[in-house]
Amino acid sequence: MTPHNQDSSLRRARAAGDWMLHPMALGAMATLALNDHVLKAAYPSWWTGKLSDVAGIIFFPWLLVSFWELSRQALRRPWQANRVVLLSSIALTALVFAAVKVNDQAGTALRVVLVHFWSSIATYAPWLVPGRVRHTVDPTDLLVLPLLWLPWWLGTRRIARTSRLIQAG
Amino acid sequence: MTDISPIGYRIFSFLAVALGGYLSLATTCGSSEFHVDVIGHVSFGRGQTTQSIWVDAEGRELTVIFEEVLSVERDGHPTAPTDIAQNDFYATQCTTSGLSTTCTTLIPWNAQVARSNSAMRFDLTRNDATLPANVTIRASATGGGDCLGNAPERLGVRLRDSGPP
């Protein structure tokens with residue numbers, strides 16, 4: 001690696017929230033948007049039902065990590081995420097996902113919160129409110145949980161690489 | 001790959017996080033489904049064995065289940081619903097695609113049907129057509145709401161006994 005590339009990589013590693021610029025996160029977000037707003041309506045089926053779960057479970061832990069980093073940066077605290085932050089995000093994702101998919105009351109509670117949120121948004125920016133997105137309480141959706149291994153595996157590699165670059169810098 | 005400035009990279013990072021948050025909040029809107037009962041009235045004339053009933057889904061994906069016969073009037077006189085057993089009826093779901101119409105007989109009566117058509121037609125057939133009859137049936141419709149909490153009943157899901165609008 002040339003000094004220029006190393007400097008560039010280090011600078012990139014130091015942007016809080018840049019986890020969401022990783023190709024895996026961008027690909028998962030694009031898949032979720034396409035599936036929720038196009039494919040589910042055009043091809044309502046088992047696989048379109050699962051595809052959003054797959055996409056969401058892949059990028060959501062990294063979204064939580066990004067929020068953590070941005071919050072820490074706003075507080076002017078050291079914000080580089082470590083393995084504990086990543087693991088906590090993955091655990092929180094699994095917990096919320098499982099609760100919403102298995103328990104009707106958890107799903108209803110989440111929906112009530114979201115309805116209040118989007119109703120507030122609609123007051124000021126109604127064009128931001130998404131159309132209806134169908135979700136079902138379906139325990140078989142838990143089959144996608146093992147995919148959390150992917151953001152963990154890539155995330156730990158990313159954390160290790162960032163640490164090496166910082167030490168080298 | 002063209003390098004971008006640190007400021008640009010930070011802006012892109014922030015935008016990607018915002019997009020991820022938006023998509024996450026949008027996709028979980030319908031995590032709890034709405035379930036509503038809808039009542040429909042079907043009138044059979046003398047000698048008429050088949051009558052259609054329509055479910056207005058208005059473009060939403062719904063699961064419709066015909067639950068029970070609530071009441072039956074034969075020639076203006078109430079009759080116990082059990083006098084017309086559910087097995088006396090055959091509910092047929094018809095789907096129109098282009099110029100062709102495909103109908104599927106639903107047996108048993110309470111078969112589930114999930115469609116996203118603007119309107120679903122169900123043909124009810126009775127075996128005994130000697131007298132005119134008014135039949136009231138109860139069906140349930142299940143579907144996702146929208147992000148503002150509008151349930152299917154508030155969005156116009158209903159049963160009616162005439163053709164599509």
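Quantities reported herein were computed from a predicted structural model and do not represent experimental measurements.

*Asks:* Even after reading the chapter, I still don't get the overall build of chain A, so can you show me in this structure?
*Replies:* Within chain A one finds 6 helices and 0 strands. Listing the helices and strands of chain A from first to last along the sequence gives α-α-α-α-α-α. Split into buried and exposed, the 169 residues of chain A put 28% on the buried side.

*Asks:* Would you take a moment to explain the overall build of chain B for this structure?
*Replies:* Per the secondary structure count, chain B includes 1 helix and 10 strands. Sequence-ordered secondary structure for chain B, helices as α and strands as β, is α-β-β-β-β-β-β-β-β-β-β.

*Asks:* Is there a simple way to explain the environment of A:Val65 in this structure?
*Replies:* Residues and elements named next belong to chain A. Relative to the helices and strands, Val-65 is located in helix α3 (residues 46-74). With 21 residues separating them in the primary sequence, Val-65 and Leu-86 have C-alpha atoms 6.3 Å apart. Those residues in contact with Val-65, other than ones at most four positions away along the chain, are Trp-19, Ala-81, Val-85, Leu-86 and Ser-89.

*Asks:* Quick question: what am I supposed to make of helix α4 (residues 83-102) of chain A here?
*Replies:* Because the α-helix completes a turn every 3.6 residues, residues three or four places apart line up on one side. All names here are of chain A. For α4, with 20 residues, the first-to-last C-alpha span of 28 Å sits near the 28 Å given by 1.5 Å per residue. Within α4, the full set of buried residues consists of Leu-86, Ser-89, Ile-90, Thr-93, Phe-97, Val-100 and Lys-101. The buried residues of α4 occupy an angular sector of 110 degrees when projected down its axis, which confines them to one face. Set apart from the buried face of α4 by more than 90 degrees, the exposed residues are Val-84, Ala-91 and Leu-95. Each element contacted by the buried residues of α4 is listed here: α3, α5 (104-124) and α6 (149-168).

*Asks:* Please clarify how the nonpolar core should be interpreted in this entry.
*Replies:* A general tendency of soluble globular proteins is for nonpolar side chains to be buried together. Core analysis: the largest hydrophobic core is formed by 24 residues, its most contacted members being A:Met20, A:Ala25, A:Ala28, A:Phe59, A:Trp62 and A:Leu63. Listing elements by their share of this core, those giving two or more residues are α2 (23-42), α3 and α4 of chain A together with α1 (6-27) of chain B. Looking at this core element by element, the count peaks at 9 residues for α3(A). Leaving out residues up to four positions away in the same chain, A:Trp62 has contacts with A:Trp19, A:Met20, A:Ala25, A:Pro151 and A:Gly155. By size, the runner-up hydrophobic cluster in this structure holds 11 residues, among which are B:Val72, B:Leu124, B:Val135 and B:Ala141.

*Asks:* Is there a simple way to explain unusual backbone geometry in this structure?
*Replies:* One can expect most non-glycine residues to show negative phi and most peptide bonds to be in trans. Of note in the backbone geometry, A:Arg76 takes a positive phi value of approximately 55 degrees without being a glycine. Structurally, A:Arg76 is set in the loop between α3 and α4.

*Asks:* What's the story with α6(A) in this structure? I'm lost.
*Replies:* All names here are of chain A. Counted at 1.5 Å a residue, the expected span for α6 with its 20 residues is 28 Å, and the 28 Å between its end C-alpha atoms agrees. Taken as a whole, α6 has its buried residues at Pro-151, Gly-155 and Arg-158. Buried positions in α6, seen along its axis, are confined to an arc of 65 degrees and lie on one side of it. In this structure, α6 carries Trp-149, Trp-153, Arg-157, Ala-160, Arg-161, Gln-167 and Ala-168 as exposed residues pointing more than 90 degrees from its buried face. Where α6 is buried, its residues touch α3 and α4.

*Asks:* When you look at the packing of α3(A) against α4(A) in this model, what are you seeing that I'm missing?
*Replies:* A packed helix pair is summarised by two numbers, namely the angle formed by the two axes and the spacing between the axes. Residues and elements named next belong to chain A. Relative to each other, α3 and α4 sit at 130 degrees, their axes nearing to 9 Å. Looking at the two axes, α3 sits oblique to α4. α4 is crossed by α3, and the crossing has right-handed handedness. Here Ile-57, Phe-60, Pro-61, Leu-64, Val-65 and Trp-68 of α3 come into contact with α4, specifically with Val-85, Leu-86, Ser-89, Ile-90, Leu-92, Thr-93 and Phe-97. A class-by-class count of the residues in the contact of α3 with α4 yields 11 nonpolar, 2 polar and no charged.

*Asks:* Got a minute to help me understand the confidence of the model for chain A in this structure?
*Replies:* Parts of the prediction with low pLDDT should not have their coordinates interpreted in detail. Scored by pLDDT, chain A has a mean of 83; 85% of the residues are at 70 or more. Mean pLDDT across the elements of chain A ranges from a minimum in helix α1 (residues 3-13) of chain A, with 50, to a maximum in α4(A), with 92.

*Asks:* What exactly am I supposed to notice about the confidence of the model for chain B here?
*Replies:* Residues and elements named next belong to chain B. Residues of chain B with pLDDT of at least 70 account for 42%, and the chain-wide mean is 66. Looking at the elements of chain B, mean pLDDT is at its lowest for strand β7 (residues 112-115), recorded as 49, and at its highest for α1, recorded as 89. Note that pLDDT drops below 50 for residues 82-90; the model gives that stretch 16 contacts with residues more than four away or on any other chain. Across residues 107-112, where pLDDT falls below 50, the model places 11 contacts with residues more than four positions away in sequence or in other chains. Model confidence for the complex is summarised by a pTM of 0.64, with the ipTM given as 0.85.

*Asks:* Which parts of the structure should I look at to understand the environment of A:Pro146?
*Replies:* As for its placement among the helices and strands, A:Pro146 is situated in the loop between α5 and α6. On a C-alpha basis, the gap between A:Pro146 and A:Val54 in space is 10.0 Å, while along the polypeptide they are 92 residues apart.

So, how was this worked out
- Residues numbered from 1 in each chain as written.
- Chains lettered and ligands numbered in written order.
- Predicted model: local features only at pLDDT ≥ 70, side-chain atom pairs only at ≥ 80, totals over all residues.
- Helix = DSSP H or I, 4+ residues; strand = E, 2+ residues; numbered from the N terminus.
- Buried ≥ 20, exposed ≤ 12 C-beta atoms within 10 Å, placed from the backbone.
- Contact = placed C-beta atoms within 7 Å.
- Expected span 1.5 Å × (residues − 1).
- Arc of directions from axis to C-beta.
- Core = buried A, V, L, I, M, F, W, Y, C linked by C-beta atoms within 7 Å.
- Axes fitted to C-alpha atoms, helices over the stretch in contact; angles between N-to-C directions.
- Parallel < 35°, antiparallel > 145°, perpendicular 65-115°, else oblique.
- Left-handed = near helix turned anticlockwise from the far one by under 90°.
- Nonpolar A, V, L, I, M, F, W, Y, C, P; charged D, E, K, R; others polar.
- pLDDT = per-residue confidence, 0-100.

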